[in-house]
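# Overview (structure and organization)
Below are the chains, spelled out letter by letter.
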Amino acid sequence: MLGCLAMAYVQSGSYEPSDRDSFYHIKMTKMLPELGFPQTFKWLRHTILYDHFVSHHTGFHILLLPVVEVSTWLAHLMPDSLHRWASYVPSKMELDSANPHLEGFRTWIRGWLDYPDLLAGKFLNVILFGLSTTVIALILRHLNASFRLFWLLAILALPTDFYLRMSYIRAPVACLAILLFSVYLCMVNRPRWLILFGFLAGHIYLGCYVFFPIVIGTVVVGYLLARVPTRQVLRIAGFSLIGWLAATFTHPYFPQNFEFLKVQIFDTGLQLSNVRKVGVGVEWNPINLDYWLEISAFTLSIFTLSAVFRFTKSRLLEPNNLVLFFLNLGFLALCMKSRRFIEYWPVFCLLNAAALWSNFDSRLRQLSCRLASSTADTAIVITHWATRCYVFACLVACLSGAITLYHSKKMATCDFDIPNIRSAMDYLHDQTPKDSLVFADDWDVFPYYFYYNDHNTYVCGLDPQFSNTLDPILWERYCVITQGRSPTSSIVKDHRPPAPKMVTVNVNLRDIRDYFGADYVIVDRDHTSFYRQMRTDMDVFDYVYPN
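Overview of the structure.

Cut-off values and rules
- Residues numbered from 1 in each chain as written.
- Predicted model: local features only at pLDDT ≥ 70, side-chain atom pairs only at ≥ 80, totals over all residues.
- Heavy atoms only, no water.
- Phe/Tyr/Trp six-rings, centres within 6.5 Å; stacked < 30°, edge-to-face > 60°.
- Helix = DSSP H or I, 4+ residues; strand = E, 2+ residues; numbered from the N terminus.
- Buried < 20%, exposed > 50% of the residue type's maximum accessible area, 1.4 Å probe, protein only.
- Lys NZ or Arg CZ within 6 Å of the ring centre and 35° of its normal.
- Contact = heavy atoms within 4.5 Å.
- Pairing = 2+ DSSP bridges.
- Patch = residues over 30% accessible without salt bridge, like charges linked within 9 Å, V, L, I, M, F, W, Y side chains within 5 Å.
- Areas by Shrake-Rupley, 256 points an atom, 1.4 Å probe, with all protein chains shown as cover.
- Salt bridge = Lys/Arg side-chain N within 4 Å of Asp/Glu carboxyl O.
- Axes fitted to C-alpha atoms, helices over the stretch in contact; angles between N-to-C directions.
- Parallel < 35°, antiparallel > 145°, perpendicular 65-115°, else oblique.
- Nonpolar A, V, L, I, M, F, W, Y, C, P; charged D, E, K, R; others polar.

### Considering the packing of aromatic side chains
Think of a pair of aromatic rings as described by two things: how far the centres are apart, and how the planes are tilted against each other in angle. Counted according to the given criterion, the structure contains 49 aromatic pairs. Ring centres 6.1 Å apart and planes at 45 degrees place the aromatic pair Phe-23 and Tyr-452 in the tilted group. Of this pair, Phe-23 sits in helix 2 (residues 20–30) while Tyr-452 sits in helix 24 (residues 446–452), and the two are 429 residues apart along the sequence. By the burial criterion, Phe-23 is buried, and Tyr-452 matches it. Residue placement shows Arg-340 over the ring face of Phe-341; its charged tip is 6.0 Å from the ring centre.

Next up, the structure:
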């Protein structure tokens, strides 16, 4: 309940998701009964996905589908009177005197009746986050961590970026639950269940397909160093491998999913391959140290205090402490490399800190009992101050959690101009031929364009590396044109066989028609240079959208 309520509050900032990719995943879920597992993807014309499509969230889409169907069914059952009430738009005078909470409720009801799948995505997200906090509570209980109420309240105070990314309607929120379950099963020595979770990891999310063996490998190494019986460790490794291999060979996109992972991890994320580097999403950039210290202050403080007061060699070499310590450091290193991995690090840091305090309260009671027989006053003083420190720590966690959730809600509010996006997409849907190609001004706008309009197809989207890998020369043309730098010449590294070479490319606006084959161009206010250039070349471009 604590996790569900926290995430529901964060999600309440706006009806629409705050993340672009959430629109794509919800749309793919809606189209799943019609498309199944498509091998091609006509909506991204100039990308590697056009001829060889891979969905890296297949299991997540399957998981979301029944929730979408139920939400849509319930929305269709609503009476016409509710539709009329929700669709009523108050005048400015009425709005000034209206109850803002009532109008906010009206907005959510209108959104649900028009787009019930968006609410379904948020509902599943809330349930999955609640599931993760449930597993955290199970791990705390198994560790016999002292002051469990404090650690549960401390979940609310994890970094704002953690809550922001957990609010996205994407598979990582399910991935976190799977990884936590896997660690818990190792701790309680139930390795057979790892077959199921290894299988789920591979199907729910290809990122989890990578993280699952890393986490299990960390557990194996930690247990071996802590001298856990070899038979127990081999059972964990063996059953995990069975589940992982089962997921590998039953994945609907095997073996193309390995090529997809190469592009996503080595080309986009780590940028380690010989493919020309391109500007990727901010989430893949290293996290700013000052910003990280600011948002992680509470989590880092309690871990530091725990390490200072409870970190001893004997405690470190306890199997579960050692595993959580390695996971904490490993995900921290990933977080420093790419800020997106703040999805995982704070939870393992918190569990690592909690593990250091295992059995502390029972030892404190034993000390008080021993002192009570000789120096009763000292025992009373210890109990008095220990209780007050615990209450104070819980109050601090509550206050930090309230501040964190408040800022997380503001960050998780959708700031896209949804009414104008819908208006433009409706125009394209109604006034253009089916599958006509749209040249958008950026690759990252594809998800919500695609959500509101699958009538048209688009030049690129989801990841710039998908276009750069297919044709680096064409991708260079796209970058130059959308940045408003044409006409110009540009030198590009062409990495394609038979051998890498440098190519000089002459770029101008007419390439939109001649090289991309686009029928329409849509440009937003943040690409004014591109817009002005088109206005000066009206022999090629005509206005078609009335607004």
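Anyway, onward from the coordinates.
### Quick word on the environment of Phe-129
Tracing the backbone through its elements, the reader meets Phe-129 in helix 8 (residues 116–143). In this structure, the C-alpha to C-alpha distance between Phe-129 and Phe-197, residues 68 residues apart in sequence, is 17 Å. Phe-129 has contacts with Gly-3, Met-7, Phe-162, Tyr-163, Met-166 and Val-173, leaving out every residue within four places of it along the chain.

### Overview of the environment of Leu-44
Note on placement: Leu-44 falls in the loop between helix 3 (32–35) and helix 4 (58–77). The buried category is assigned to Leu-44, whose relative accessible area is 0%. Separated by 209 residues in the primary sequence, Leu-44 and Tyr-253 have C-alpha atoms spaced 18 Å apart. Not counting chain neighbours up to four residues away, the residues in contact with Leu-44 comprise Leu-49, Tyr-50, Phe-446, Tyr-458, Val-459, Cys-460, Gly-461 and Leu-462.

### Topic: the sheet that holds strand 2 (residues 457–458)
Pairing is parallel across the open sheet formed by three strands, whose spatial order is 2-1-5. Every other strand in the sheet has two partners, leaving strand 2 and strand 5 (520–522) as the edge strands with one partner each. As defined by bridge partners, strand 1 (residues 437–440) adjoins strand 2 across two bridges and the pair is classed as parallel. When the sheet's bridge partners are listed, Val-438 is paired in strand 2 with Tyr-458.

### Considerations on a nonpolar patch on the surface
Together, Leu-241, Leu-245, Phe-249, Phe-254 and Phe-258 line one region of the surface with nonpolar side chains, adding up to about 460 Å² of accessible area. With respect to the element layout, Phe-249 can be found in helix 14 (residues 230–250). For Phe-249, a relative accessible area of 56% corresponds to the exposed category.

### A few points about the packing of helix 9 (residues 148–155) against helix 20 (residues 345–356)
Contact pair helix 9 / helix 20: the axes reach a minimum separation of 11 Å and the direction vectors enclose 170 degrees. The orientation of helix 9 with respect to helix 20, classified from their angle, is roughly antiparallel. Every residue of helix 20 that contacts helix 9 at Trp-151, Ala-154 and Ile-155 is listed here: Leu-350, Ala-353 and Ala-354. Grouping the amino acids of the contact of helix 9 with helix 20 by side-chain chemistry returns six nonpolar, no polar and no charged.

### Describing the pairing of strand 4 (residues 501–507)
Put simply, side chains in a regular strand alternate between the two faces of the sheet. Relative to strand 4, strand 3 (residues 488–494) is paired through seven bridges, and the arrangement is antiparallel. Note on strand 4: the bridge partner recorded for Lys-493 is Met-502. The turn joining strand 3 and strand 4, which pair antiparallel and follow one another in sequence, is formed by six residues.

### Side note on the environment of Cys-479
Within the secondary structure layout, Cys-479 lies in helix 26 (residues 472–482). Separated by 38 residues in the primary sequence, Cys-479 and Asp-441 place their C-alpha atoms 9.1 Å from one another.

### So, the pattern of salt bridges
Applying the stated criterion across every chain yields a total of 12 salt bridges. Between Lys-42 and Asp-435 there is a salt bridge, and its shortest N-O distance comes to 3.1 Å. Separated by 393 residues along the polypeptide, Lys-42 in the loop between helix 3 and helix 4 and Asp-435 in the loop between helix 23 (418–431) and strand 1 bring together distant segments of the chain. Look at Lys-42 and you get partly exposed, because its relative accessible area is 29%. The exposure class assigned to Asp-435 is partly exposed, which follows from its relative accessible area of 28%. The structure contains a network of salt bridges with shared partners spanning Asp-19, Asp-21, Arg-165, Arg-170 and Glu-343.

### Notes on the side chain of Thr-160
Structurally, the position occupied by Thr-160 is in helix 10 (residues 160–166). Classification of Thr-160 by relative accessible area gives buried; the value is 11%. In this view, Thr-160 contacts Tyr-291, Ile-295, Thr-404, His-407, Ser-408 and Met-411; residues no more than four positions away in its chain are not counted.

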